[in-house]
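In case you want the letters, here they are:
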Amino acid sequence: MKPAVLVCRAVFPDIVDRLRAHFDVETNEADVVWTRAELIAHLQGKAGVFVTGTQPIDAALLDACPELRAVCSMAVGYNNIDVPACTARGVLVSNAPDVLTETTADFGFALMMAAARRIAESEHYLRSGAWTKWSVDAFAGTDVHGATLGVLGMGRIGQAIARRGALGFGMKVIYHNRSRLDAAIEAELGARWVDKATLLRESDHLVIVVPYSAASHHLVGAAELALMKPTATLTNIARGGIVDDAALAQALRERRIAAAGLDVFEGEPAVHPELLTVPNVVLTPHIASASLPTRRAMANLAVDNLLAALGAGEHAGRPPTPLNPEVLG
Ligand code: GLV
């Protein structure tokens, strides 16, 4: 009998077919966002699960699904998965790094530019029919080229954004990260490590790319926003909860910072109501990695991990991107 696996959300049919060649696959064609109880019910008897960044996988769920051996996510961020709880139960966990780096950096840069140059705000104005004449300071924003780019969280995506800023736009790059980059990478990016307060004070455009954890919850709140320049922009493409959305909405309304670009929100898909009413913020629905080739690559990588983790045919072996390789022995 083939092992059974669950694909939690609707994904590309040909990618699901790769799983069907080896497993008894249950899918969620209707793309229902299952409750926790529904997810547990669908997981009964499953050896593996294909998840996205949104299904919470914790100790209690694992205890209710004792046959589960592999949790393979098509997201790079894995704050929805309790990795130590999986490791303690011998459950392999994988995420999908690298394949989305450049696409996500493109989007972060686009959102930052849209905020700086007031693209969404001016488009809404035009669509509303309010545009009757050219004027000298209409929607005058801030420059990106030559400005100081501040990167909070200098992992793969942060570095890809820094590269765009330094090489493409002549930006001065500063960053804050727990660990400093190698001197050779700092030199390539022209990037300088600074403490968090200096990053907030000196950035013209702050881009947030840190992973979410208890330690990064509200890493940028009222106190941090108060350090920023009134002409600065803030872009968050990391996770909701890293920025205190209520404090950000207030800072935007009071023009204590110029603008923001947000792809992620605390409690998404709900969005803080104040953010929906302030004009100087560009809001997108968690789509930073959403180019078709990249979303396909992410899903394929999750499948590669699932096939390897459950020892499927010629794919048996070491999963390509495990988060807890220690369970492999
Ligand atoms: C998207 O947010 C991801 O973590 O892949």
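The residue numbers shown here count from 1 along each chain, following its written sequence. With pLDDT at 70 or above as the cut-off, local features in this predicted model cover only qualifying residues; side-chain atom pairs require 80 or more to be listed or tallied, and sums for whole chains, interfaces and linings still use all residues. Computation of side-chain values covers all heavy atoms of the structure but excludes hydrogens and water.

## A word on the packing of aromatic side chains
Point 1. Each Phe, Tyr or Trp ring, with Trp reduced to its six-membered ring, pairs with another whose centre is within 6.5 Å; inter-plane angles below 30 degrees give stacked pairs, above 60 give edge-to-face pairs, and intermediate values give tilted ones. Inspection of the entire model under this criterion finds two aromatic pairs.
Point 2. Their ring planes at 40° and their centres at 4.8 Å tell us that F109 and F169 sit as a pair that is tilted. Of the two residues, F109 sits in helix α5 (residues 101-116) while F169 sits in helix α7 (residues 156-169), which places them 60 residues apart along the sequence.
Point 3. Residue classification places F109 among the buried residues on the basis of a relative accessible area of 4%. Runs of H or I in DSSP of at least four residues are treated as helices and runs of E of at least two as strands, each being numbered from the N terminus. Using a 1.4 Å probe on the protein chains alone, a residue whose accessible area is under 20% of its type maximum counts as buried, one over 50% counts as exposed, and one in between counts as partly exposed.

## Things to note about the site of the ligand
Point 1. As a structural note, the neighbourhood of the ligand is formed by A75, V76, G77, L100, R239, H286 and M298.
Point 2. N or O atoms closer than or at 3.5 Å make up a polar contact, with two conditions inside protein: a donor-capable atom paired with an acceptor-capable one, and, for residues adjacent in sequence, both atoms drawn from side chains. One of the backbone nitrogen or oxygen atoms of V76 is found 2.8 Å away from an oxygen atom of the ligand.
Point 3. Any residue that is not Ala, Val, Leu, Ile, Met, Phe, Trp, Tyr, Cys, Pro, Asp, Glu, Lys or Arg is counted as polar, Gly included; the first ten are nonpolar and the last four charged. Here the residues of the shell around the ligand are counted per class, giving four nonpolar, two polar and one charged. Nearness of a residue to a molecule or strand requires only that one of the residue's heavy atoms be within 4 Å of it.

## Here we look at the domain arrangement of the chain
When the parts come together, some accessible area is lost, and that loss is often what is quoted as the size of the interface.
Point 1. Note that the domain bounds were set by an automatic or database domain assignment. Per the domain assignment, the segments making up the chain are domain 1 (4-98 + 292-328) and domain 2 (101-283).
Point 2. Summarising the inter-unit geometry, the C-alpha centres of domain 1 and domain 2 are found 32 Å apart.
Point 3. Across the contact, six residues belong to domain 1 and five residues belong to domain 2.
Point 4. Roughly 560 Å² is buried in total at the junction of domain 1 and domain 2, and carbon and sulfur atoms are behind 40% of that figure. Any two residues whose heavy atoms approach within 4.5 Å are treated as being in contact. Take the accessible area each of two parts loses on contact, using a 1.4 Å probe, and add the two losses: that sum is the buried area.

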